[in-house]
Structures are given as C-alpha cells and as structure tokens.
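Listed here are the chains, written in short residue letters.
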Amino acid sequence: MASTLKRRLFVIIFGTDTPAGRAFDIALLIAILISIFAVMLESVQSLEENYGHIFRIVEWVLTIAFTLEYVTRVYVTDRKSQYIFSFYGLIDLLSLLPTYLSLIFTGTQYLLIIRALRLLRVFRILKLGRYVGEGEQLMRALRSSRHKITVFMGTVVTLVVIMGTVMYLVEGGENGFTSIPKSIYWAIVTLTTVGYGDIAPQTVLGQSIASFVMILGYAIIAVPTGIVTVALGKEKDKQALLACDNCQETGHAEDAIHCKFCGVKLLHDKED
C-alpha cells in the first residue's frame with residue numbers, strides 16, 4: 001500500500017504526462033507566481049503598512065506548502081541524493097530558507113525572489129524542451145567567443161579609465177568631477193549611451209570629449225554584437241551539417257550515407 005502510494009506520488013510530482021501530474025505542476029507554477037508577487041508588493045511601503053499581515057500570511061502558507069512539497073519529492077524518489085544535489089533540488093531548497101531565516105535576520109524574506117528560478121520548470125511542463133537546444137547553441141557561441149569578448153571588455157575598461165581621468169583633469173571638482181572614480185563612472189554611463197545626466201561637462205573641451213565618447217559608444221555597441229553573431233552563424237553552420245545519432249559527431253556532407261566516425265547509417269529526415 002505504501003509503495004503504491006509512493007509510486008503514484010512520484011508520477012504526479014515528477015511526471016507531466018498524466019492529467020494529475022500536469023495539474024500539479026501548473027498549480028505549483030501558480031503558487032510560485034503568487035509568492036513572487038506577494039514579495040514584490042510587500043516591498044511597497046504603502047502596501048506593506050496596510051496589508052503587510054496578509055502578505056506574511058500568504059508567505060508562510062506558501063512556504064509551508066513548498067516545504068511539504070520538497071519533503072515529498074525527497075521521499076518519493078529512489079535517488080534522493082541525486083535530486084537533493086541537482087540544480088532543481090538545490091533551487092527548491094534555497095527557495096525555502098529565506099522565510100525561515102527571516103525569523104532571525106530581518107529582511108531576508110525578500111530573497112524569496114529566488115523562487116523565480118523554479119519557473120524554469122515551465123520548459124518541461126509546456127513541452128518546450130526543443131528550445132533548450134537553441135539555448136545550448138547560444139551558450140556554445142558565447143563560449144567560443146569568450147576570448148574575443150574578454151579582449152573587448154579589457155579594451156573598454158582601459159578606455160573608460162583613460163577618458164574618466166582626462167575628464168577629471170579637464171573639468172575638475174567644480175563641475176562635479178570630484179575624483180577619478182567618479183569621472184570613470186561618468187565615462188561608463190556616457191560610453192554605454194545611458195546618460196543619467198547627474199554629472200555633465202561644462203567646458204567646451206569637456207563637452208567635445210563627451211561628444212566623442214557618445215559617438216564612440218554607438219560604435220562600440222556593434223562590436224560584441226558582431227562577435228556573437230559570427231559565432232552563432234558558425235554554430236548554425238555546424239548544425240546544418242548532418243549529425244550522427246549514434247556518436248553525435250557533425251561534419252558530414254549533405255549527401256553522406258554513413259557516419260565517417262562510427263560507420264552508423266545517417267538519418268536525413270532531421271528537422272531544420
């Protein structure tokens with residue numbers, strides 16, 4: 001009897017192919033969204049003053065429910081350590097701790113926003129797993145571009161340090177550039193085309209330099225975009241080449257019949 005109940009709970013909690021499992025996961029997502037919105041609304045002072053007690057009740061009710069869910073997940077799975085130390089297992093555990101820690105440390109309940117990571121289960125629930133491949137393709141493109149991006153970031157850091165120092169010398173403290181770090185902050189804000197306007201050059205030379213930095217900022221935006229775009233293009237070219245279902249190696253000609261690495265017959269009916 002206990003083993004039968006355990007199996008049924010396992011199918012409901014970890015499966016999405018049954019109506020009960022799908023309903024459980026959708027209810028879980030709704031509860032997570034309610035929890036996140038409650039934390040966000042609680043940070044609004046006027047709402048916290050009038051409805052703070054309601055937010056705390058919702059927070060504790062959902063935390064207790066998530067705690068029972070976590071304990072049940074550990075109970076029904078045969079590979080307990082594998083779940084506990086998995087990505088989702090750690091996120092499930094970490095999403096419980098802020099509420100309990102708030103009993104000792106005031107304000108830690110706002111860390112409940114980490115529950116947003118649990119929404120990643122929507123890919124499994126809504127059968128969006130096919131998009132994971134696209135994400136992996138993007139990650140491979142970023143990894144292959146990491147050296148170029150590192151050089152680019154180093155160049156940008158060097159540039160803002162130089163520009164910030166120059167503006168500190170040109171404008172000085174009387175115009176708001178009271179230190180080199182603050183001037184570097186201005187250079188970063190200007191180069192990234194954010195332009196808060198809290199510090200602005202007043203001299204003609206300073207404004208000329210600022211104009212140059214602004215125009216340079218637009219040019220610099222294109223650099224990382226081009227690097228990642230080229231890398232993505234290469235990844236797509238690799239995907240376009242026929243891949244072997246057996247060894248996952250790519251690089252086969254479009255009209256190849258057998259894998260040149262393991263000899264298994266290739267399938268040509270892949271989706272684009």
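In short, a report on the structure.

How each quantity is defined
- Residues numbered from 1 in each chain as written.
- Predicted model: local features only at pLDDT ≥ 70, side-chain atom pairs only at ≥ 80, totals over all residues.
- Heavy atoms only, no water.
- Axes fitted to C-alpha atoms, helices over the stretch in contact; angles between N-to-C directions.
- Helix = DSSP H or I, 4+ residues; strand = E, 2+ residues; numbered from the N terminus.
- Parallel < 35°, antiparallel > 145°, perpendicular 65-115°, else oblique.
- Left-handed = near helix turned anticlockwise from the far one by under 90°.
- Contact = heavy atoms within 4.5 Å.
- Nonpolar A, V, L, I, M, F, W, Y, C, P; charged D, E, K, R; others polar.
- 1 Å grid on protein atoms, 1.4 Å probe; cavity = no way out; pocket = protein on both sides within 12 Å on 5 of 7 lines; lining within 4 Å.
- Points joined across faces, edges and corners; volume = space filled by probe spheres on them.
- Expected span 1.5 Å × (residues − 1).
- Buried < 20%, exposed > 50% of the residue type's maximum accessible area, 1.4 Å probe, protein only.
- Patch = residues over 30% accessible without salt bridge, like charges linked within 9 Å, V, L, I, M, F, W, Y side chains within 5 Å.
- Areas by Shrake-Rupley, 256 points an atom, 1.4 Å probe, with all protein chains shown as cover.
- Salt bridge = Lys/Arg side-chain N within 4 Å of Asp/Glu carboxyl O.

**Quick word on the packing of helix 9 (residues 146–171) against helix 10 (residues 180–191)**
Then step 1. Viewed as axis vectors pointing N to C, helix 9 and helix 10 meet at an angle of 120°, and their least axial separation amounts to 7 Å. Looking at the two axes, helix 9 sits oblique to helix 10. In terms of crossing hand, the pair formed by helix 9 and helix 10 is right-handed. Of the residues in helix 10, those in contact with Val156, Leu159, Val160, Val161, Met163, Gly164, Thr165, Met167 and Tyr168 of helix 9 are Ile180, Ser183, Ile184, Trp186, Ala187, Ile188 and Leu191.
Then step 2. Its residues assigned to classes, the contact of helix 9 with helix 10 comprises 13 nonpolar, three polar and no charged.

**Observations concerning the layout of surface pockets**
Then step 1. Roughly 160 Å³ of internal volume is contained in the second largest pocket.
Then step 2. Residue lining of the second largest pocket: 14 residues in total, with Trp186, Thr190, Gly195, Ile199 and Met214 positioned closest to the centre.
Then step 3. Of all the secondary-structure elements, those providing two or more residues to the lining of the second largest pocket are helix 10 and helix 11 (204–240).
Then step 4. Looking at the lining of the second largest pocket element by element, the count peaks at three residues for helix 10.
Then step 5. Residue composition of the lining of the second largest pocket, by class: nine nonpolar, four polar and one charged.

**Observations concerning helix 2 (residues 19–42)**
Then step 1. The first and last C-alpha atoms of helix 2 sit 34 Å apart over 24 residues, in line with the 34 Å expected at 1.5 Å per residue.
Then step 2. For helix 2, every residue scored as buried is listed here: Gly21, Asp25, Leu28, Leu29, Ala31, Ile32, Ser35, Ile36, Ala38, Val39 and Glu42.

**Description of a nonpolar patch on the surface**
Then step 1. Where nonpolar side chains cluster on the molecular surface, the patch consists of Ile64, Leu68, Phe85, Leu90, Leu93, Leu94, Leu97, Tyr100, Leu101, Leu103, Ile104 and Phe105 and spans about 1200 Å² of accessible area.
Then step 2. Those elements that place two or more of their residues in the nonpolar patch are helix 3 (45–76), helix 5 (87–94) and helix 6 (97–101).
Then step 3. Tracing the backbone shows Phe85 in the loop between helix 4 (80–84) and helix 5.
Then step 4. Under the relative-accessibility criterion, Phe85 is labelled exposed at 62%.

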